[in-house]
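# Survey of secondary and tertiary structure
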Amino acid sequence: MQQTVYISPGFDEPLDSIKAAVAANYTIDDGIGSPQITMPIAVFEKVSVQLNSPLNRGTVYTITVSAVTDCAGSRWTQKYGSGWS
């Protein structure tokens, strides 16, 4: 049975919850692709991202965020790199 993997990227401003909940606004490199489900959490400064594929230990992945805005309307187009261990 395949394990479900969640990651939770954080942001320094509360996000527009509708745009932050669109899975197609997030992609992860190295063959992971877009997540299956995204859901803003806390005070919309984090997003719970359910992945379609497991992450490989020791690999650094980049998650690209696009078409997401904060509550003031400022657009996020960022890349975040992180390792999985």
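Anything mentioned here points back to the structure above.
Please read these numbers as outputs of a predicted model, since none were measured by experiment.

About the cut-offs
- Residues numbered from 1 in each chain as written.
- Predicted model: local features only at pLDDT ≥ 70, side-chain atom pairs only at ≥ 80, totals over all residues.
- Heavy atoms only, no water.
- Core = buried A, V, L, I, M, F, W, Y, C linked by side-chain atoms within 4.5 Å.
- Buried < 20%, exposed > 50% of the residue type's maximum accessible area, 1.4 Å probe, protein only.
- Helix = DSSP H or I, 4+ residues; strand = E, 2+ residues; numbered from the N terminus.
- Contact = heavy atoms within 4.5 Å.
- Pairing = 2+ DSSP bridges.

Let us now look at the nonpolar core. Counting residues in each nonpolar core, the largest one holds 16 residues, and the members touching the most others are Leu 15, Tyr 26, Val 47, Leu 51 and Val 68. Those elements that provide at least two residues to this core are β2 (26–28), β4 (46–51) and β5 (60–69). In terms of residue count, β5 provides more of this core than any other element does, 4 residues in total. Excluding residues within four positions of it along the chain, Val 68 makes contact with Leu 15, Lys 19, Ala 20, Asn 25, Tyr 26, Ser 74, Arg 75 and Trp 76.

Alternating residues of strand β3 (residues 37–41) divide into Thr 38 and Pro 40, all buried, and Ile 37, Met 39 and Ile 41, none buried. In the sheet, β3 pairs with β4 via 5 bridges, with the strands oriented antiparallel. Note on β4: the bridge partner recorded for Ile 41 is Lys 46. Here β3 folds back onto β4 in antiparallel fashion, the turn holding 4 residues, of which Ala 42 has a positive phi close to 55°.

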